[in-house]
4 protein chains.
Amino acid sequence: MTTDLRAAARTADGIRTRTHHWTPAPPAASYTGLSGEQVLRAIVAGEIPAPPIASTLGFRLAEVGPGSAVFEGTTGEHLYNPLGSVHGGYLATLLDSALGCAVMSLLPAGTGYTTTQLNVHLVRPVFADTGLLRCEALALHVGRTVATAEARVTGVADGRLYAHGTTTCAVLPPRPAPAAP
Amino acid sequence: MTTDLRAAARTADGIRTRTHHWTPAPPAASYTGLSGEQVLRAIVAGEIPAPPIASTLGFRLAEVGPGSAVFEGTTGEHLYNPLGSVHGGYLATLLDSALGCAVMSLLPAGTGYTTTQLNVHLVRPVFADTGLLRCEALALHVGRTVATAEARVTGVADGRLYAHGTTTCAVLPPRPAPAAP
Amino acid sequence: MTTDLRAAARTADGIRTRTHHWTPAPPAASYTGLSGEQVLRAIVAGEIPAPPIASTLGFRLAEVGPGSAVFEGTTGEHLYNPLGSVHGGYLATLLDSALGCAVMSLLPAGTGYTTTQLNVHLVRPVFADTGLLRCEALALHVGRTVATAEARVTGVADGRLYAHGTTTCAVLPPRPAPAAP
Amino acid sequence: MTTDLRAAARTADGIRTRTHHWTPAPPAASYTGLSGEQVLRAIVAGEIPAPPIASTLGFRLAEVGPGSAVFEGTTGEHLYNPLGSVHGGYLATLLDSALGCAVMSLLPAGTGYTTTQLNVHLVRPVFADTGLLRCEALALHVGRTVATAEARVTGVADGRLYAHGTTTCAVLPPRPAPAAP
């Protein structure tokens, strides 16, 4: 270890603390009668609690339409990687969220889905002062067994493209309703 | 909104709170004299603070070797998506971290890199009780301008594969040192 | 081997033959004074020969603009995989071609590029009678070291989406011109 | 168009011609009683004709095992792109073929599959004199609805890595056999 490194460690200005909160989600079975878009609109409206990951990282579902979804996320030091910029995993999480919800918004009640593949392109570094990011996704194909979507992350203040990506989701056909007792 | 949904909201057992801590990293310029592997070994040893994202999500760099890196992460409810499982973005973040560090471990002092592309395959759902995840990455190609790596996420308890992925990094050639004053 | 298989082999109606032609390309150094868009427009105009792969598979560069490129390809039995449909590699080749040319169309004379990563989504099977395919690509980011683009393949007759994808290219900075003799 | 370009066009040494052959495949329904591995072993043994794309581009299925597949391909000028090297689409086709067959080799009789996503990393240029390429694939996960695999392309003569990639396949459950007449 070099002298440089020890000197660098001394520049640290103390330990940072961050506290965040979430409301545990009701079991997914509670949404059985709702279409994907209805569930997502209930999250936007605050009628269904946002998922825990949203408060852990700092983002939210802002808009949803048939075949589209928009997330907004705020950058901060809690997202930093060792290189001194926002970790690519945060952008991957925004993209994964928006891509999945764009697909989900086209699924009828009782039809599930799961993300099986995510491809992410990171085109510019993001910093704590980049400010609000907007991630907009569009479903491109929703078939019986497979769905795909594309999304872009842009800065709200500067309008620049920071990341983009695509996904492959497996569409899970509805199961027969359980027999009444 | 249906009666089903209101009933579901009543099942919530109160708001959860989580607090985490990190030490701000010294400026990257402090590591100028160190190779990529030296910087990463200093993080493993605790001589350089882990990045903020590691405490935000709950993972750490566990091992590093020339051309490889291992991260370990603990699952929990704070990582959950609206479907009631760990968000794919957490697995993407583990993969991105391990892939980037496997590449970085082969870079000489003064050579930088940035992740430009990440491809993630999610093959099984992860839950809060899945326990410790291990993400192992190997560099496959480190050239003058481009590097690639592959990684897998397995459960420590069950040995099963949960996710895997690859990356493309841009290798940034060393810049001439600034002239002495 | 089962009786089924032997019966199947007997259904074959004889060996097919296909002949194709190309003009060897001049050395790339011949284009040194031309921008990427100029080279591509010369291929569209027939002033530079189309590359051999275009005749081998059966496709052509149809349009090019600053930041965009369109390829058209004709399907046929020579492209079939063992499953009885057009091989995904053909669609990958169309996408790779269009994505690379969309990036190239924005590069100044003397600046090279190479495709380092290609992500392809195949959303519908393509058959010999699907007819003409159109692959349209747009550059999303062209920086000093990295460029990305997105593309879609649609059927000209039916307007349906068959495949889509994205790319990461390495941008290679211009080299100093060789000294005059 | 510049003088440079016209000079370059004059360097062309005449039109090249290439003829290739294939045997039309029997309808896939002929293989109904065979497992994926049995069909692939029959192709290796020449009992089922190789697909047309194999002769169009110049590659063959060389080995297959439960969960693995190896393709070999010969490079040549007919595969060239406008940059004067083998088109990335050829490498994508080798990877797609090997990845799909590695998955198929684990599927029981009556279970189909289709490739829905392909990710390709190109790490070194390939030329006509690179010689024989070997593409080795391994299935990583084969579930009820989704399968993934990884593959690498290396030079047989030099042992170097030229490309690598992964895939997502949709696994199609067996359909009930048609009733006997």
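Read on for an overview of the structure.

Criteria and thresholds
- Residues numbered from 1 in each chain as written.
- Chains lettered and ligands numbered in written order.
- Predicted model: local features only at pLDDT ≥ 70, side-chain atom pairs only at ≥ 80, totals over all residues.
- Heavy atoms only, no water.
- Helix = DSSP H or I, 4+ residues; strand = E, 2+ residues; numbered from the N terminus.
- Buried < 20%, exposed > 50% of the residue type's maximum accessible area, 1.4 Å probe, protein only.
- Contact = heavy atoms within 4.5 Å.
- Areas by Shrake-Rupley, 256 points an atom, 1.4 Å probe, with all protein chains shown as cover.
- Buried area = accessible area lost by both parts, 1.4 Å probe.
- Salt bridge = Lys/Arg side-chain N within 4 Å of Asp/Glu carboxyl O.
- Polar contact = N/O pair within 3.5 Å; in protein donor to acceptor, adjacent residues only side chain to side chain.
- Nonpolar A, V, L, I, M, F, W, Y, C, P; charged D, E, K, R; others polar.
- Pairing = 2+ DSSP bridges.
- Least-squares fit on C-alpha atoms with pLDDT ≥ 70 in both.
- Axes fitted to C-alpha atoms, helices over the stretch in contact; angles between N-to-C directions.
- 1 Å grid on protein atoms, 1.4 Å probe; cavity = no way out; pocket = protein on both sides within 12 Å on 5 of 7 lines; lining within 4 Å.
- Points joined across faces, edges and corners; volume = space filled by probe spheres on them.

### Structural notes on the overall build of chain A
Here's step 1: Counting its regular elements, chain A contains four helices and seven strands.
Here's step 2: Counting from the amino terminus, chain A carries its helices and strands in the arrangement α-β-α-α-β-β-α-β-β-β-β.
Here's step 3: In chain A, which comprises 181 residues, the share counted as buried stands at 57%.
Here's step 4: Look at the contacts in chain A between residues 6 or more apart in sequence, and 65% of them connect residues 24 or more apart.
Here's step 5: Per element, the accessible surface of chain A, about 7400 Å² overall, is 56% carbon and sulfur.

### Section: the interface of chain C and chain D
Interfaces are often sized by the accessible area lost when the parts come together.
Here's step 1: Tallying the contact residues gives 61 residues for chain C and 61 residues for chain D.
Here's step 2: A combined buried area of about 5100 Å² lies between chain C and chain D, and 64% of that area is made up of carbon and sulfur atoms.
Here's step 3: Inspection of the chain C/chain D interface yields zero salt bridges.
Here's step 4: Connecting chain C to chain D are 27 residue pairs in polar contact (both at pLDDT 80 or more).
Here's step 5: Every element with two or more residues in the side of chain C that touches chain D is listed here: α1 (3-10), β1 (16-22), α2 (36-44), α3 (52-57), α4 (88-104) and β4 (112-122) of chain C.
Here's step 6: No other element matches β4 of chain C, which puts nine residues into the side of chain C that touches chain D.
Here's step 7: A breakdown of the residues in the side of chain C that touches chain D according to their chemical character gives 30 nonpolar, 24 polar and seven charged.

### Observations concerning the pairing of strand β5 (residues 132-142) of chain B
Residues and elements named next belong to chain B.
Here's step 1: Here strand β3 (residues 68-74) pairs with β5 via seven bridges, running antiparallel. Bridge pairing in β5 links Ser68 to Leu138.
Here's step 2: Hairpin connection of β5 to strand β6 (residues 146-155): three residues between the antiparallel strands.

### Some details on the relation of the copies chain C and chain D
Here's step 1: Note on the identical chains: chain C maps onto chain D by a rotation of 180 degrees and an axial translation of 0.0 Å, with an RMSD of 0.0 Å. Such a turn and shift between the copies fits a two-fold axis.

### Here we look at the pattern of salt bridges
Residues and elements named next belong to chain A.
Here's step 1: Evaluation of the coordinates by the stated rule reveals 28 salt bridges over all chains.
Here's step 2: One salt bridge in this structure joins Arg134 and Glu63, with 3.1 Å as the shortest N-O distance. Remark: Glu63 occurs in strand β2 (residues 59-65) and Arg134 occurs in strand β5 (residues 132-142); sequence separation between them is 71 residues.
Here's step 3: When its relative accessible area of 39% is taken as the criterion, Glu63 is described as partly exposed.
Here's step 4: Of the charged contacts in the structure, one is a salt bridge between Glu136 and Arg134, with a shortest N-O distance of 2.7 Å.
Here's step 5: When its relative accessible area of 41% is taken as the criterion, Glu136 is described as partly exposed.

### Re the sheet that holds β6 of chain B
Here's step 1: Taken together, twelve strands build an open sheet; the order of strands is β2(A)-β3(A)-β5(A)-β6(A)-β7(A)-β4(A)-β4(B)-β7(B)-β6(B)-β5(B)-β3(B)-β2(B) and the sheet is antiparallel. One side of each edge strand has no neighbouring strand; the edge strands of this open sheet are β2 of chain A together with β2 (59-65) of chain B. For this sheet the average axis-to-axis angle between neighbouring strands, irrespective of direction, equals 20 degrees.
Here's step 2: Pairing analysis gives ten bridges linking strand β4 (residues 112-122) of chain B to strand β7 (residues 161-172) of chain B, with the strands arranged antiparallel. Note on β7 of chain B: the bridge partner recorded for Thr115 of chain B is Cys169 of chain B.

### Some details on empty space enclosed by the protein
Here's step 1: Per the counting criterion, the structure on display carries six cavities of 30 Å³ or more.
Here's step 2: Taken as a whole, the largest cavity encloses approximately 70 Å³ of empty space.
Here's step 3: As for the largest cavity, its lining consists of Glu150, Ala151, Arg152, His164, Gly165 and Thr166 of chain B together with Glu150, Ala151, Arg152, His164, Gly165 and Thr166 of chain D.
Here's step 4: Elements that contribute at least two residues to the lining of the largest cavity include exactly β6 and β7 of chain B together with β6 (146-155) and β7 (161-172) of chain D.
Here's step 5: Here the residues of the lining of the largest cavity sort into two nonpolar, six polar and four charged.
Here's step 6: Lining the second largest cavity are Leu140, Glu150 and Thr166 of chain A together with Glu150, Ala151, Arg152, His164, Gly165 and Thr166 of chain C.
Here's step 7: For the lining of the second largest cavity, the residue count by class is two nonpolar, four polar and three charged.

### So, the relation of the copies chain C and chain B
Here's step 1: Its rotation angle being 180 degrees, the transformation that places chain C on chain B also includes 0.0 Å of axial translation and leaves an RMSD of 0.0 Å.
Here's step 2: Of the interface residues in chain C, 100% have counterparts in chain B that sit at the interface too, so the contact is made through matching surfaces.

### Let's talk about the interface of chain C and chain B
Here's step 1: If you look at the interface, chain C gives six residues, while chain B gives six residues.
Here's step 2: Roughly 480 Å² is buried in total at the junction of chain C and chain B, and carbon and sulfur atoms are behind 69% of that figure.
Here's step 3: Scanning the region where chain C abuts chain B turns up zero residue pairs in polar contact (both at pLDDT 80 or more).
Here's step 4: The set of elements that each furnish at least two residues to the side of chain C that touches chain B consists of β4 and β7 (161-172) of chain C.
Here's step 5: Take the side of chain C that touches chain B: its biggest share by element is three residues, from β4 of chain C.
Here's step 6: When grouped by side-chain class, the residues that make up the side of chain C that touches chain B number two nonpolar, four polar and no charged.

### Let's talk about helix α2 (residues 36-44) of chain B
Here's step 1: Taken residue by residue, α2 of chain B has Gly36, Glu37, Val39, Leu40, Ala42 and Ile43 of chain B as its buried positions.
Here's step 2: At the C-terminal side of α2 of chain B, Gly46 of chain B shows a positive phi close to 85 degrees.

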